[in-house]
Amino acid sequence: MIRTIYRSGKGGITTDVPESKWKVALRDSGGLFWADLAGEPDGRVEKLLADFFHFHPLAIDDALQEAHVPKIDDWGEYVYAVVHGVSYNATTNELDTNEIDVFLGKNFLITHHKNPVMSADKVWAASQRSERYLARGADYLLYNIVDTLVSDFMPVVDQLDDAIDLLEDEIFAASGQAVLSKIFSIKRAILHLRRIIIPQREVMNRLARDTYAVVDPDERVYFRDVYDHLVRLADINDTLRDLISGALDTYLSVSSNRINEIVKVLTVFTALFMPLTFITGFFGMNFETLPFHSPYLFIGMLALTIVVPLAMWRLFRRQGWI
């Protein structure tokens, strides 16, 4: 789906601009043209980016590949940036990412993404309701998109925090492969989140501090605000990483204690049956062939098999071993 919105230099707003009018919109230096390319085939996107906007082939190739970490490249007349949105699947404990490729020019903004991105949808709807999102230029429009994108990180962080709390309860309630798998799933999600936050923080830092021809110096303060949010998110992510590492240590400790309890019980039973094994092995349960044959000997042996384990059990209880 391709959706476009154009604010002319005179202030009029037009949506769903036909492709035949794109170049007219791009020549309007006082206007703003935003094209959102969502889920379009690569061939179609490549043709649009090359024919209408004349972007560098390397930048177009990067935009068509969905395997980049957040980054930013300065191409003089425009800036190419990659940013990511995140979502958390509480059922599978997996972190999903949505990549957005952005081409920022003086009077245009091109966004490309394979899957629907809620932040782009929110800003798109807001731009149609209020002119202020488009009136301040393409750089301010980009700020609104990335600010909304980063705002969605906090619910994901809260979900991961809640998942760790539930996991700690499960560790003491039960142990097994399922709990261990959940620990490592959450740990992978936290590490994945970190691999998104850190590079994206640097992208915002460069937009806030570096000099770009397409970014108004007065608008850099807004990107610095997004950078501050990502700094706090990075700190929270480190805390989550410590919590999940502590949960893993707790799981290993609880599992070790349970194994020790099992071994202790088995050792007690082994110790209780050791004298019985000796008695039955010595007499062989065949009193007819013994040289000191006596009917009382059999009764005495039965008494020993009962009294000795009970005596040992009492001794173990007094020692505090069981």
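First things first, this report covers the structure right here in the doc. What you see is a predicted model; the values in this text were computed from it and never measured. (Residues numbered from 1 in each chain as written. Predicted model: local features only at pLDDT ≥ 70, side-chain atom pairs only at ≥ 80, totals over all residues. Heavy atoms only, no water.)

Description of the pattern of salt bridges
At step 1: Enumeration according to the criterion identifies 14 salt bridges in this entry.
At step 2: R3 is the salt-bridge partner of D121, the closest N and O atoms lying 2.5 Å from each other. Note that D121 is positioned in helix α4 (residues 118-129) and R3 in strand β1 (residues 2-7), a separation of 118 residues in sequence.
At step 3: Exposure remark for D121: the relative accessible area of 34% places this residue in the partly exposed category.
At step 4: Using a relative accessible area of 12% as the deciding quantity, one classes R3 as buried.
At step 5: Of the charged contacts, one joins D73 and K71 as a salt bridge, the two residues approaching to 3.4 Å between their closest N and O atoms.
At step 6: Judged by relative accessible area, which is 23%, D73 ranks as partly exposed.
At step 7: Residue classification places K71 among the partly exposed positions, given a relative accessible area of 24%.
At step 8: Each of R3, D36 and D121 takes part in a single network of salt bridges with overlapping partners. (Salt bridge = Lys/Arg side-chain N within 4 Å of Asp/Glu carboxyl O. Helix = DSSP H or I, 4+ residues; strand = E, 2+ residues; numbered from the N terminus. Buried < 20%, exposed > 50% of the residue type's maximum accessible area, 1.4 Å probe, protein only.)

Observations concerning the packing of α4 against helix α6 (residues 138-151)
At step 1: Between α4 and α6, whose axes approach to 8 Å, the crossing angle comes to 135°. The angle between α4 and α6 places the two elements in the oblique class. Seen from above, α4 lies across α6 with right-handed handedness. Seen from α4, the contacting residues are S119, K122, V123 and S127; seen from α6, they are L141, N144, I145, T148 and L149.
At step 2: Per-class residue counts for the contact of α4 with α6 are four nonpolar, four polar and one charged. (Axes fitted to C-alpha atoms, helices over the stretch in contact; angles between N-to-C directions. Parallel < 35°, antiparallel > 145°, perpendicular 65-115°, else oblique. Left-handed = near helix turned anticlockwise from the far one by under 90°. Contact = heavy atoms within 4.5 Å. Nonpolar A, V, L, I, M, F, W, Y, C, P; charged D, E, K, R; others polar.)

Digging into the sheet that holds β1
At step 1: Read across the sheet, seven strands follow the order β2-β1-β3-β7-β6-β5-β4 without closing on themselves; strand pairing throughout is mixed. Here the strands that pair on one side only, and so sit at the sheet edges, are β2 (13-15) and β4 (71-74). Strand-to-strand twist across the sheet, computed as the mean angle between neighbouring axes with direction ignored, equals 15°.
At step 2: Note that strand β6 (residues 94-105) and strand β7 (residues 108-113) share four bridges and pair antiparallel. Each bridged residue has a counterpart across the sheet, and for V102 the counterpart in β7 is T111.
At step 3: With respect to the sheet, α4 is in contact with β1, β2, β3 (32-38), β6 and β7, its orientation differing from that of β1 by roughly 40°. (Pairing = 2+ DSSP bridges.)

Thoughts on unusual backbone geometry
At step 1: Despite not being glycine, H54 shows a phi value in the positive range, around 55°.
At step 2: Structurally, H54 can be placed in the loop between α2 (42-51) and α3 (57-64).
At step 3: The residue N93 is not glycine, and still its phi comes out positive at about 60°.
At step 4: The topology assignment puts N93 in the loop between β5 (78-89) and β6.
At step 5: Relative accessible area serves as the criterion here: at 9%, N93 is assigned to the buried category.

Shape descriptors only; they carry no functional weight alone.
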